[in-house]
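Residues per chain are reported as follows:
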Amino acid sequence: MELAERLRTLPGVDEVAQRLRDLTDAYPRPLLIRQIRRSLEAARDLLRKNPNASIDIEDAVRRSLAALREPSLRRVINATGVVLHTNLGRAPLCDSAPVGGYSNLEYDLETGRRGRRDVHVSRWLEWISGWPGIAVNNNAAAVYLVLNEMAAGAEAIVSRGQLIEIGDGFRIPDIMQRAGVTLREVGATNRTSIEDYREAISERTGALLIVHPSNFRVQGFTGQPSRAEVAQLGKERGVPVYEDLGSGCVADLSPYGIQEPLVSDSMRDGVSIVSFSGDKLLGGPQCGIIAGDAMWISRIRRNPMFRALRLDKLILATLETTMRHLVLEEWDAVPALRMIRMSQTQIRDRATALLPKLTGLDAEIVDGESVIGGGSTPEQSLPTALIAIRAADVVGAEARLRRTDPPVIARISEDRILIDLRTVFPEEEQALAISLARACAVVE
Ligand SMILES: *Cc1c(COP(=O)(O)O)cnc(C)c1O
């Protein structure tokens, strides 16, 4: 059939609506009409490319409307062993108190007056860091806010070795510029000395900035002054020192082989303000935490941009729960920390118990490594036990795993799918076994 002729045979909007009248109770009419128009448009496009394509407008509309009821953001099984997987939402959330309905978000139940939303996290922050603190949307927002308050219209001095890009286009120099701060680079990429900082300080200096190089290491002929030296210099010259810690580790993870600066180390070394992400090693929801000198915290709290970057009640509820667990040292209640602390033996035991359920699969247990991820602790890994499944078509098997319900995200190594139970919740194991059996079965 000719293209023009096929296009003419397409039904009109009203006609399709009439044929789909069983949907009129389930969907608002404007939505139904819009989906019909879109499906007709898509059909015309398809016919222009291929005049012989088969077209079923009603089916297309039904499917597109049904898809509206499917959540786009949904739970997945993380079998990669990357604990803070940036693409999978970084730290998995704690179970937190429900805040459906109304809450005392900004209401003081004692006095019956208007309260501040900050109180729900500030007392916990003080416990965790030993400092007063506030929280904003993420650490990028924290960096912006701190620099803007400390050094807008002035210079911030930073070592060339710390002018980092974190990922997704977050670059320290760009944020500085938007915060109205002039970047004053000192030293060289691999080496900077305290004298470089000292010589750069002038009446234009608003802050000394230290940035934790989260996702890379400079090796070889390198050197940076210690945090304590920079803090001391700031004190001598009356310039505030701000450290962007990135991860913000509050639990000592060195027994598990993870070396990350602790928030309390920065405090001890005398910096004025620190900031860090809530959803990295803290194990909480996405947010940025700013803690430090009380005068600076109250100034930052009054910065007009704070209002634009403040936390919502859902985040506050989860953050409060996470911090309560951290203060009470209930490490296992914080999923990311529970996963990091899990030993290779524990993981091997779980894998051994799961293996018999993987009937029909060519699977074995092998030693491997999990990583922390989330731009934290490059090159540091945790020993783990992997379930390695041989599949004829690993690429196809990996894609099928992603499309199961719940989706399973796994690693591939040569001709094997690798499953790391470190990042799989025990209650997900049953669903994982079923998905693996479906996706990786050896087809005879
Ligand atoms: C991760 C990171 C950031 C960005 O934090 P978000 O919470 O993702 O906004 C900023 N600085 C450093 C050093 C980081 O590691």
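Look up: the structure comes first, before these words.
The following refers to the structure shown. (Residues numbered from 1 in each chain as written. Predicted model: local features only at pLDDT ≥ 70, side-chain atom pairs only at ≥ 80, totals over all residues. Heavy atoms only, no water.)

**Some thoughts on the overall build of the protein chain**
Short version of the rule: What counts as a helix is a DSSP run of H or I of at least four residues, what counts as a strand is a run of E of at least two, and both are numbered from the N terminus. Here, two residues are considered to be in contact whenever any of their heavy atoms come within 4.5 Å of each other. Under the convention used here, a 1.4 Å probe and the Shrake-Rupley method define accessible areas, while residue burial counts only the protein chains that appear. Counted as positive: Lys and Arg. Counted as negative: Asp and Glu. His and the chain ends are not counted at all. By convention, the charge on Lys lies at NZ, on Arg at CZ, on Asp at CG and on Glu at CD.
The number of helices and strands found in the protein chain is 17 helices and 15 strands. Sequence-distant contacts in the protein chain: of pairs separated by 6 or more residues, those separated by 24 or more amount to 74%. For the protein chain, the exposed surface amounts to about 22,200 Å²; the carbon and sulfur share of it is 49%. Charge centroids of the protein chain, computed over 55 positive and 59 negative side chains, lie 5 Å from each other.

**Considering empty space enclosed by the protein**
Quick reminder of the rule: Residues are said to line a cavity or pocket when one of their atoms sits within 4 Å of a point; the points come from a 1 Å grid over protein atoms alone, cavities being sets where a 1.4 Å probe fits but cannot get out and pockets being open sets with protein on both sides within 12 Å along at least five of seven lines. Grid points are joined across faces, edges and corners, and a volume is the space filled by probe spheres set on the points. The classification used treats Ala, Val, Leu, Ile, Met, Phe, Trp, Tyr, Cys and Pro as nonpolar, Asp, Glu, Lys and Arg as charged, and all other residues, Gly among them, as polar.
Going through the model one piece at a time under the given rule, you end up with 1 cavity of 30 Å³ or more. The volume enclosed by the largest cavity comes to roughly 70 Å³. Residue composition of the lining of the largest cavity, by class: 6 nonpolar, no polar and 3 charged.

**Considering the nonpolar core**
For clarity, the threshold we go by: In this text, buried Ala, Val, Leu, Ile, Met, Phe, Trp, Tyr and Cys residues form a nonpolar core when linked through side-chain atoms within 4.5 Å. Only protein chains enter the accessibility calculation, which uses a 1.4 Å probe; a residue whose area is less than 20% of its type maximum is buried, one above 50% is exposed, and one in between is partly exposed.
Counting residues in each nonpolar core, the largest one holds 53 residues, and the members touching the most others are Leu208, Val274, Ile289, Leu319, Leu337 and Ile340. Counting residues in each nonpolar core, the second largest holds 31 residues, with Leu145, Met150, Tyr242 and Trp296 among its members.

**Things to note about the environment of arginine 184**
Locating arginine 184 in the fold gives a position in strand β6 (residues 182-186). Discounting residues that sit within four places of it in the chain, arginine 184 has contacts with Glu155, Ala156, Ile157, Val158 and Ala200.

**Things to note about the sheet that holds strand β9 (residues 273-277)**
Stated precisely, the cut-off is as follows: At least two DSSP bridges between two strands are required for those strands to pair. Only the stretch in contact is used when a helix axis is fitted, and all axes are lines through C-alpha atoms; the angle between N-to-C directions ranges over 0 to 180 degrees.
Reading across the sheet, the 7 strands line up as β4-β10-β9-β8-β7-β5-β6 and stay open at both edges, with mixed pairing between neighbours. The sheet is open, and its two borders are formed by β4 (133-136) and β6, each paired with just one other strand. On average, each strand axis in the sheet is tilted by 25° relative to the strand beside it, whichever way the strands run. One ladder, built from 4 bridges, connects strand β8 (residues 241-246) with β9; its direction is parallel. From the neighbouring strand, tyrosine 242 faces β9, where its bridge partner is isoleucine 273. Across the sheet, helix α5 (residues 119-129) touches β4 and β10 (288-292), and the angle it forms with β4 is around 115°.

**Comments concerning the pattern of salt bridges**
To keep it simple, the criterion reads: A pairing counts as a salt bridge when a side-chain nitrogen of Lys or Arg comes within 4 Å of a carboxyl oxygen of Asp or Glu.
Applying the stated criterion across every chain yields a total of 34 salt bridges. A salt bridge links glutamate 428 to arginine 75; its shortest N-O distance comes to 2.8 Å. Here glutamate 428, found in the loop between β15 (416-420) and α17 (429-440), pairs with arginine 75, found in the loop between α4 (57-68) and β1 (77-78); they are 353 residues apart in sequence, far enough to count as distant. Here arginine 268 and aspartate 265 are joined by a salt bridge, their closest N and O atoms 3.4 Å apart. With arginine 268 and aspartate 265 both in helix α10 (residues 263-269) and 3 residues apart, the pair spans about one turn of that helix. In the salt-bridge network here, residues are joined through shared partners; they are Arg227, Glu243, Asp265, Arg268 and Asp269.

**Digging into the side chain of glutamate 429**
To keep it simple, the criterion reads: N or O atoms within 3.5 Å of each other form a polar contact, as long as, within protein, one can give a hydrogen and the other can take it, and as long as residues adjacent in sequence are counted only when both atoms are side-chain atoms.
Within the secondary structure, glutamate 429 sits in helix α17. Within the structure, the side chain of glutamate 429 is placed 2.8 Å from the side chain of arginine 350, a separation counted as a polar contact. Setting aside anything within four residues of it in sequence, one finds glutamate 429 in contact with Arg350, Leu354, Leu421 and Val424.

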